[in-house]
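Understanding the architecture of this molecule
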Amino acid sequence: MGSTKLILVLFCLLLIISSSSAAHKKKIQARKPCRRLVFYFHDIIYNGKNTECNFSHCKCTSLGQQRSHFGDVVVFDDPITLDNNLHSTPIGRAQGFYLYDKKETFTAWLVFSFVFNSTAHKSSLNFAGADPLMNKTRDISVIGGTGDFFMARGIATLRTDAFEGEVYFRLCVDIKLSKCW
Amino acid sequence: MGSTKLILVLFCLLLIISSSSAAHKKKIQARKPCRRLVFYFHDIIYNGKNTECNFSHCKCTSLGQQRSHFGDVVVFDDPITLDNNLHSTPIGRAQGFYLYDKKETFTAWLVFSFVFNSTAHKSSLNFAGADPLMNKTRDISVIGGTGDFFMARGIATLRTDAFEGEVYFRLCVDIKLSKCW
Amino acid sequence: MGSTKLILVLFCLLLIISSSSAAHKKKIQARKPCRRLVFYFHDIIYNGKNTECNFSHCKCTSLGQQRSHFGDVVVFDDPITLDNNLHSTPIGRAQGFYLYDKKETFTAWLVFSFVFNSTAHKSSLNFAGADPLMNKTRDISVIGGTGDFFMARGIATLRTDAFEGEVYFRLCVDIKLSKCW
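Okay, so let's go over this structure. All residue numbers here refer to positions counted from 1 along the written sequence of the relevant chain. Naming scheme: in the order in which they are written, chains are lettered from A and ligands are numbered from 1. Under the rules for a predicted model, residues below a pLDDT of 70 receive no local features and side-chain atom pairs below 80 are neither given nor counted, while totals for whole chains, interfaces and linings still include all residues. Values reported for side chains reflect all heavy atoms of the structure, with hydrogen atoms and water molecules removed beforehand.

**Focus: the overall build of chain A**
Counting from the N terminus, the helices are the DSSP runs of H or I reaching at least four residues and the strands are the DSSP runs of E reaching at least two. Helix and strand content of chain A: one helix and nine strands. In sequence order, chain A lays out its α and β elements as α-β-β-β-β-β-β-β-β-β. In this scheme, a residue with accessible area under 20% of its type's maximum is buried, one over 50% is exposed, and one in between is partly exposed, where area comes from a 1.4 Å probe on protein chains only. In chain A, which comprises 181 residues, the proportion classed as buried is 53%. Residue pairs in contact within chain A that sit at least 24 positions apart in sequence constitute 46% of those at least 6 positions apart. Throughout, a contact is declared for two residues whenever any of their heavy atoms are within 4.5 Å.

As structure tokens, then:
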């Protein structure tokens, strides 16, 4: 009889412990992403004819008075690939713009979407943040998503994977989602 | 005596089941919005004099070299109405900008706010995302809100409800909030 | 014997009450920020030579046809301080842009980051929203953060703290985060 009651008490205690330990685990795992994705995005600045708008890159405003391009706004429509090869089949497009926002050094600010190819339905991830180009890695925010990435939130770590002067650059985008729906 | 213990055991079991079933229900309801709103927003491109800035639409940069308007940036301050009638009393303004971001076809990227008329306090909803105009519907992210829409998140489905060449277009914006505070 | 059972019943009841009261408390505290920060940001429009790009402010497009600057896009890289003194040591930079988006009156729309100085790691907060300058205070959304502000969300109340015509303005930014990680 006493042992049955003991079991009940232990059982209820277990309930509390399990719920509080779940909360604790949640805290510990807080920064562990629920989803992680790595993509490469390729910006082709120069396509051989040096026009201001080639097929994926369009300079809207070029004040031309700044070595650091301060004030330049660049609209892009860039292929995204799973590896660092520009000629791999793109899985989507990076669309949006960046601007150069400092006089003394190269630093950018960007807001854009990854729009994924999909036969079934459309998916996208939206990003915004400061991009101090001279740093090895830069974190920006995932500010939302649609389709497969419905309600997504988290951060993306940018790393310049290749840089060929005024011709081409490639960013490695390491996406760590901390809200998955 | 034994039945009382049984009741207690069942009671505790019920506690666990109810909490796990609540979690399950939460998962099922995940994509069901906590708030849904439909608005129309009216962009008047041409006001009879074909200036680059009329009362609600201002083209910042027009590179003029692209049939698809690639690189053009358009700032807008457009009326929002509850029905598809441009002459209905506006309930607020859509303010922000869009840019055309592809060479081959018409596709846009936009970031803007719905700023609602309100006597008591100010409310707004903020949006960002890719807008591939040739698709029947396009999903963008609700990236935040203020006032009545404090901490709002979700998606908005855009549909071109009317399009009159270089004169006027109307978007139906079906807002589905999945975070309501 | 009966009292032990009673204790068990009360114990289980307590479990339910505590969990539901926690939920209630959560609801009540909903709008109470988990973190609050006040900063000043200084935009120096004119630096003595009236160039379009001085060290912290760069006008990308100036259509020049509007008294209200409708359509103008301004890129900035402004110091942030803890008090309202421009000469205090900046704790970071406000980087992004604003645009003037109305014909009849001064009203802006902005999207930017606060990028904080940090030796250990980089932290930033990202903002977006409408900024009707003529209102005493304006709320915009905190759309994300990185580093110390990982996954941050909330609102920021802007107040024009000083305005010296075409020379200088200072914003007081009262940040109220409702999601802290």
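That covers the picture; the talk isn't over yet.
**Description of the pattern of salt bridges**
What makes a salt bridge here is a side-chain nitrogen of Lys or Arg within 4 Å of a carboxyl oxygen of Asp or Glu, nothing more. In the structure shown here, the tally under the stated rule is 15 salt bridges over all chains. Among the salt bridges present, the one from Asp131(B) reaches Arg138(B), with a minimum N-O distance of 2.6 Å. Judged by its relative accessible area of 2%, Asp131(B) falls in the buried class. Residue class for Arg138(B) comes out buried when judged on its relative accessible area of 2%. One salt bridge in this structure joins Asp174(C) and Arg36(C), with 2.6 Å as the shortest N-O distance. In this pair, Asp174(C) is assigned in strand E9 (residues 168–179) and Arg36(C) in strand E1 (residues 35–44), connecting sequence segments 138 residues apart.

**A short note on the state of the cysteines**
For this text, the term disulfide refers to a pair of cysteine sulfurs within 2.5 Å. Tallied over the entire structure, the rule returns three disulfides over all chains. In this model Cys34(B) forms its disulfide with Cys180(B); the gap between the sulfur atoms is 1.9 Å. Taking the torsion about the sulfur-sulfur bond, which here is approximately 90°, the covalent link between Cys34(B) and Cys180(B) counts as right-handed. Placement of the pair is Cys34(B) in the loop between helix H1 (2–29) and strand E1 (35–44) and Cys180(B) in the segment after strand E9 (168–179), with a sequence separation of 146 residues. By relative accessible area, Cys180(B) is classed as partly exposed at 36%. Among the cysteines around Cys172(A), which has no disulfide bond, Cys180(A) carries the closest sulfur, lying 19 Å off.

**Examining the pairing of strand E3 (residues 73–81) of chain A**
All names here are of chain A. Within E3, nine of the nine residues are buried, which leaves it mostly tucked inside the rest of the structure. Residues Val-73, Val-75, Asp-77, Pro-79 and Thr-81 line one face of E3 and the alternating positions Val-74, Phe-76, Asp-78 and Ile-80 line the opposite face, and both faces are buried. When DSSP finds two or more bridges between a pair of strands, those strands are recorded as paired. The sheet contact formed by strand E1 (residues 35–44) and E3 spans two bridges and is antiparallel. Residue pairing in the sheet places Phe-41 in a bridge with Ile-80 of E3. The pairing of E3 with strand E4 (residues 92–100) spans eight bridges and is antiparallel. Along E4, the bridge assignment pairs Val-74 with Tyr-98.

**Some words on the packing of aromatic side chains**
Given two aromatic rings, one states the distance between the centres and the angle between the planes to describe the pair. Residues and elements named next belong to chain C. In this scheme Phe, Tyr and Trp rings, the latter by its six-membered ring, pair at centre separations within 6.5 Å, and the angle between planes marks the pair as stacked below 30 degrees, edge-to-face above 60, and tilted otherwise. All told, the structure shown has 51 aromatic pairs over all chains when counted by the stated rule. Relative to Phe-169, the ring of Tyr-98 has its centre 6.1 Å away and its plane inclined at 65°; by these criteria the two rings are edge-to-face. Separated by 71 residues along the polypeptide, Tyr-98 in strand E4 (residues 92–100) and Phe-169 in strand E9 bring together distant segments of the chain. Judged on exposure class, the residue Tyr-98 and its partner Phe-169 are both buried. Look at Phe-112 and Phe-127: their rings are 4.8 Å apart centre to centre, the planes differ by 15°, and that puts the pair in the stacked class.

**As for the environment of Ile155(C)**
Of note, Ile155(C) is situated in strand E8 (residues 153–164). When its relative accessible area of 9% is taken as the criterion, Ile155(C) is described as buried. Along the sequence, Ile155(C) and Ser123(C) sit 32 residues apart, while their C-alpha atoms lie 18 Å from each other. The contact partners of Ile155(C), leaving out residues within four places of it in the chain, are Gly145(B), Thr146(B), Phe150(B), Asp139(C), Ile140(C), Val142(C), Asp174(C), Ile175(C) and Lys176(C).

**Brief notes about the side chain of Ser56(B)**
Mapped onto the elements, Ser56(B) comes out in the loop between E1 and strand E2 (57–61). By relative accessible area, which is 0% here, Ser56(B) ends up buried. Here Ser56(B) is in contact with Asp43(B), Ile44(B), Val75(B), Phe76(B), Asp77(B), Asp78(B) and Phe70(C), once residues within four sequence places are set aside.

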